[in-house]
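Residues per chain, in single letters:
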Amino acid sequence: MDVLMLSAEQNTPFNYFPIALQLVIAVGFVVVMMLVSHLLGPKRKTEDKLINFESGIPSVGNARQPMGIKYFLVAILFVLFDVEVIFFYPYAVNFKYLGKEGFLEVVLFVAFFLCGFIYIVKRGALEWED
Amino acid sequence: MELYDILFWVLSAIAVSCALGVILSRNPVNSVLFLILTFFAISGHYVLMNAQFLAIVNIIVYAGAIMVLFLFVIMLMNLNADVEPQKGQLVQLAGVISGGILFLVVLASIKTAKAEIMDKTSTDIGLISNLGKVLFKEYVLPFEISSVLFLSAMIGAIVIGKKEEVKTSATAKMEHVSE
Amino acid sequence: MKAIIATTVFGVIMMFAGLWVNDKKSIAGLATFLFAALLGVTIWDLTTTSVNSPKSLFNDMLRSEHYSLWFNTIMTGCSLLYVLLMGKEVQKVGKYVSEYFALIFFILCGLYLLSMYNNLLMMFIGIEILSIPQYILAGSDKRNLKSSEASLKYFLMGAFSTGILLMGITLLYGAARTFNITEMVTLMHSDALNPLALAGILFIMIAFSFKVSAAPMHMWTPDVYDGSPTVFTAFMATVVKSAAFFAFLRLFQVSFNSLSEHWVMVLAIITAATLLVGNVTAVFQQSVKRMLAYSSIAQAGFMLFAVLAVNAVAWQGIIIYAVAYSVATIGIFAVLVKLKDYTYDGFNGLAQREPLLAFVTTIFLFSLAGIPLTGGFMAKYYVLLAVVQQGQLMWLVIFALLMAAISVYYYFRVIIAMYFKAGTPEISSPVTGGDKFMLVVTCALVILLGVLPQLFLTKV
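Values in this document were obtained by computation on a predicted structure and should not be read as measured data.

K.L.:
Is there a simple way to think about the overall build of chain B in this case?
P.N.:
Scanning chain B from N- to C-terminus turns up seven helices and zero strands. Ordered by position in the sequence, the α and β elements of chain B form the string α-α-α-α-α-α-α. Relative to its full complement of 179 residues, chain B shows a buried share of 20%. For chain B, restricting intrachain contacts to residue pairs at least 6 apart in sequence, the fraction spanning at least 24 positions comes to 52%.

K.L.:
So what exactly am I meant to see when it comes to the overall build of chain A here?
P.N.:
When its secondary structure is counted, chain A shows five helices and zero strands. Reading chain A from its N terminus to its C terminus gives the helix and strand order α-α-α-α-α. When each of the 130 residues of chain A is scored for burial, the buried share is 12%.

K.L.:
Sorry, what's going on with the packing of helix H13 (residues 313-336) of chain C against helix H18 (residues 433-451) of chain C here?
P.N.:
Axes are the key here: two packed helices are described by the angle between their axes and the distance separating the axes. Residues and elements named next belong to chain C. H18 packs onto H13 with a crossing angle of 155° between their chain directions and a minimal axis gap of 10 Å. It follows that H13 is roughly antiparallel to H18 by the angle criterion. Between H13 and H18 the crossing geometry is left-handed. Residues Val323, Ala324, Val327, Ala328, Gly331 and Ala334 of H13 form the contact with H18, whose own contacting residues are Leu439, Thr442, Cys443, Leu445, Val446 and Leu449. Residue classes in the contact of H13 with H18 are distributed as 10 nonpolar, two polar and no charged.

K.L.:
How should the interface of chain A and chain B be read in this particular structure?
P.N.:
Many analyses report the size of an interface as the accessible area lost when the parts associate. The interface of chain A with chain B comprises 41 residues on the first partner and 39 residues on the second. For the side of chain A that touches chain B, the element with the highest residue contribution is helix H4 (residues 69-93) of chain A, accounting for 17 residues. Residues of the side of chain A that touches chain B, tallied by class, amount to 29 nonpolar, seven polar and five charged.

K.L.:
How should the confidence of the model for chain A be read in this particular structure?
P.N.:
Should pLDDT be low for a region, the predicted coordinates there are not to be read in detail. Residues and elements named next belong to chain A. Summary statistics for chain A give a mean pLDDT of 83 and a share of 88% for residues scoring 70 or more. Taking the mean pLDDT of every element in chain A, the minimum, 49, falls on helix H1 (residues 2-6) and the maximum, 92, on helix H5 (residues 95-123). In this model residues 4-8 is a low-confidence stretch, pLDDT under 50, and it forms five contacts with partners more than four residues away in sequence or in other chains.

K.L.:
What should I look at first to understand the packing of helix H11 (residues 260-283) of chain C against helix H17 (residues 394-420) of chain C in this one?
P.N.:
All names here are of chain C. Between H11 and H17, the shortest axis-to-axis distance is 9 Å and the interhelical angle comes to 15°. It follows from the interaxial angle that H11 and H17 lie roughly parallel. The element H11 and its partner H17 pack so that their crossing is left-handed. Here Ala268, Thr271, Ala272, Leu275, Leu276, Asn279, Val280, Ala282 and Val283 of H11 lie close against H17, whose contacting residues are Leu396, Phe399, Ala400, Met403, Ile406, Ser407, Tyr409 and Tyr410.

K.L.:
When you look at the environment of Leu80(C) in this model, what are you seeing that I'm missing?
P.N.:
Residues and elements named next belong to chain C. Turning to its location among the elements, Leu80 is positioned in helix H3 (residues 66-93). Taking C-alpha positions, Leu80 is 22 Å from Gln454, a pair spaced 374 residues apart along the chain. When residues no more than four places from it in sequence are discounted, the contact partners of Leu80 are Phe35, Ala36 and Leu39.

K.L.:
Explain H18(C) to me, please; I cannot follow it from the model alone.
P.N.:
An α-helical turn contains 3.6 residues, so a residue and the one three or four places further along point in the same direction. Residues and elements named next belong to chain C. An ideal rise of 1.5 Å per residue puts 27 Å on 19 residues; H18 measures up with 27 Å between its terminal C-alpha atoms. For H18, every residue scored as buried is listed here: Asp435, Leu439, Thr442, Cys443, Leu445, Val446, Leu449 and Gly450. The buried residues of H18 all sit within an arc of 150° when viewed along its axis, so they share a single face. Structural note: H18 exposes Gly433, Gly434, Phe437 and Ala444 on the side pointing more than 90 degrees away from its buried face. In this fold, the buried residues of H18 make contact with H3, H13, helix H15 (355-369) and helix H16 (375-390).

K.L.:
Could you clarify how one ought to interpret the nonpolar core in this entry?
P.N.:
Where a protein is soluble and globular, its nonpolar side chains tend to be buried together. Leu113(C), Phe305(C), Ala306(C), Ile318(C), Ile319(C) and Tyr321(C) are the most contacted members of the largest nonpolar core, which has 211 residues in total. With 18 residues, H13(C) is the single largest residue contributor to this core. Beyond its immediate chain neighbours, meaning those up to four positions away, Phe305(C) contacts Thr271(C), Gly317(C), Val383(C), Leu384(C), Ala386(C) and Val387(C). Counting residues in each nonpolar core, the second largest holds eight residues, with Leu35(B), Ile36(B), Phe39(B) and Tyr46(B) among its members.

K.L.:
Help me understand the environment of Gln253(C) in this model?
P.N.:
Relative to the helices and strands, Gln253(C) resides in helix H10 (residues 230-254). With residues up to four places along the chain from it excluded, the contact list for Gln253(C) reads Val310(C) and Ala314(C).

K.L.:
Before we go on, may I ask you to explain helix H2 (residues 28-48) of chain B in this structure?
P.N.:
Residue and element names in this part refer to chain B. In this model, H2 (21 residues) spans 30 Å end to end at C-alpha, consistent with the 30 Å of a helix rising 1.5 Å per residue. Every buried residue of H2 is accounted for by Leu35, Ile36, Thr38, Phe39, Ile42, Ser43, Gly44, Tyr46 and Val47. Contacts made by the buried residues of H2 are with helix H1 (2-24) and helix H3 (52-76).

K.L.:
Is there a simple way to think about unusual backbone geometry in this case?
P.N.:
Keep in mind that most residues, glycine aside, have a negative phi and that most peptide bonds are trans. All names here are of chain C. The linkage connecting Ala215 with the following residue, Pro216, adopts the cis geometry, with an omega of 0°. Mapped onto the elements, Pro216 comes out in the loop between helix H8 (195-211) and helix H9 (220-227). A positive phi angle, near 55°, is found at Asn59, a position not held by glycine. For Asn59, the position within the fold is in the loop between strand S1 (55-57) and strand S2 (62-64). Positioned with a positive phi, Arg177 is a non-glycine residue whose angle comes to about 60°. Take Arg177: it is sitting in the loop between helix H6 (145-176) and helix H7 (181-189).

K.L.:
Any chance you could explain the environment of Glu101(A) here in plain terms?
P.N.:
All names here are of chain A. Note on placement: Glu101 falls in helix H5. Accessibility expressed as a C-beta count within 10 Å gives 11 for Glu101, which makes it exposed. Sequence-wise, Glu101 and Pro18 are 83 residues apart; in three dimensions their C-alpha atoms are separated by 39 Å.

K.L.:
What am I meant to see in the confidence of the model for chain B here?
P.N.:
Residue and element names in this part refer to chain B. Counting all residues, the mean pLDDT for chain B is 82, and 81% of those residues have values of 70 or more. The low-confidence segment residues 166-179 (pLDDT under 50) makes three contacts with residues lying over four places distant or belonging to another chain. In the predicted complex, the global pTM is 0.91; the interface-specific ipTM is 0.90.

Parameters at a glance
- Residues numbered from 1 in each chain as written.
- Chains lettered and ligands numbered in written order.
- Predicted model: local features only at pLDDT ≥ 70, side-chain atom pairs only at ≥ 80, totals over all residues.
- Helix = DSSP H or I, 4+ residues; strand = E, 2+ residues; numbered from the N terminus.
- Buried ≥ 20, exposed ≤ 12 C-beta atoms within 10 Å, placed from the backbone.
- Contact = placed C-beta atoms within 7 Å.
- Axes fitted to C-alpha atoms, helices over the stretch in contact; angles between N-to-C directions.
- Parallel < 35°, antiparallel > 145°, perpendicular 65-115°, else oblique.
- Left-handed = near helix turned anticlockwise from the far one by under 90°.
- Nonpolar A, V, L, I, M, F, W, Y, C, P; charged D, E, K, R; others polar.
- pLDDT = per-residue confidence, 0-100.
- Expected span 1.5 Å × (residues − 1).
- Arc of directions from axis to C-beta.
- Core = buried A, V, L, I, M, F, W, Y, C linked by C-beta atoms within 7 Å.

Written out as structure tokens, the structure is:
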């Protein structure tokens, strides 16, 4: 625990030790519970119990059906704007330090993205019905 | 620092074995899941190097968004039939030999390199504020220019992904008939 | 620098032009105007930069050397020529005409970065901006399954090679501790060379060989060039390939010059393999479009000579080769898109039906084969001269001459089909007076290059 106390003032990887610990406990709890219930619970395998459950209706066809490209289109546009937002974090932290110049840089970057966004909307990429 | 070394080796083992899982598993969905695990392990490495921003971005963008895209692509394909083409023995042999030679070259260069022992004392280079200072001062041009890349990606999404209007394909068919 | 801003803005303008203008013809007209304006901007860039003092831009991210600006100007000129010759054909590819032009503007942005970069990061972004629009253009003909295949294949292979490039950059950074390619030189020169740098150079060489389709990293080229819409193949095989070569040369000339004894032999073998594979496989092709794809591999073999020769003549060689090859190939593709049948038989009897078309095609093919008095001859002369001046690799020069002789066979097959075989070639779109005028201009350029190459050379 000394390590943790000492490094509290500095910014080191070990500041994240509590988070890691929490993560391990959270994931570990789920894993242990699932394993234990799996091992301890009684199992009666009958044919009716082993078929896929589909809201009580007899299952039809195959689950591996090709899905619409529209989902993909929205997803890929999401990624692009996601990356744009990521760039704002380092800017926000240094907002005062970078001053007017930095502001103009970010505005230029956002302007390009705004052009792209207007273009996407006008082209109807986000319209679900076509 | 004992803990550091243990974490380093554990994360490395996870990263390498999951990366192997990506290429060795037959089911593409399993490959994607292995890749997500690899990204998490690499994020752990970033945290060890005190680059927390990269660690988070790696999880948000790569493990979160891009992997979802990968899954979408896999679901767009028809995976019912096992149609993976088998390469000929000769091609496989050629691949193994050339890959092995490349591996040897890299291994030799790394082995003889004067790699300085990794600095374990904490540096602040990877922290978000320092990263922002470098990104918006020194590397401002690549930052701005990357928007061109994003614009082309947006155009690509429209040109490739958007259904062409029914009218155009109908007229195209008409033209085809008249020919 | 002005050119980079201009091409980005023009690209955005073209993006929006498609939203408000529905007429494909006026979109193409606007694009042509903007390309001409862009040529003006590059010339402005060229004249406002002094020859001897390269300007360092943005913390040394870019360095506007005179030869870089000259290359920008020439390649923008080639793009203008391309749009003038094929603007009409671009309209036929699909619905998103203005987007195609926007993507071409973005490709030019990548080209400008690649000719001026002084930082490996800029090189990487340049290559990406050059590549990604190409993947899209390759797949733009959505009704054609082969086009989609070309796009996907190109994308997957391209992404893989980009990964290799990044690995190389990483290793190089580990050895030199800088991304700056001129600062790197001093660190590379030291006697105790870090072996990581050599591995990095190897990886970067592999990645660039892929981008310029040098054997054995050429496998994607025939399928991609064959499957993509013919108009875009013309652009990919010429301007884009030249840009990749220029970037290749820039890095190896500026940064790795002093290490040349380590990598010259590897590159010489790649060059020999490229010449062999490109020329020999081209002989067996039945489709002229596919033959041109292999011919572009063969021509890449010659352009690699410029990279091999680490001296000043190499810059002259790459610039003149880029322009001679680009102009002649764009010309041939402009004729090819007029025809319906891309096999050799499709050219049968073209001389009777369209004598002018047949004549200019003959000149373009002469140029590609390297017959004297055409641009191709001077281009081959300069790149080989660069290596000969270096005084080594004479075997490779002789081998290249041998391969150039083989190339005459498959280029002349087209000429024989046009002049000595009877047939009625099917023309897909009427050849207008404007087309003929532009083809004659292109043809005149090819001859001008062969007679007065000094006009296209620059101080290095």
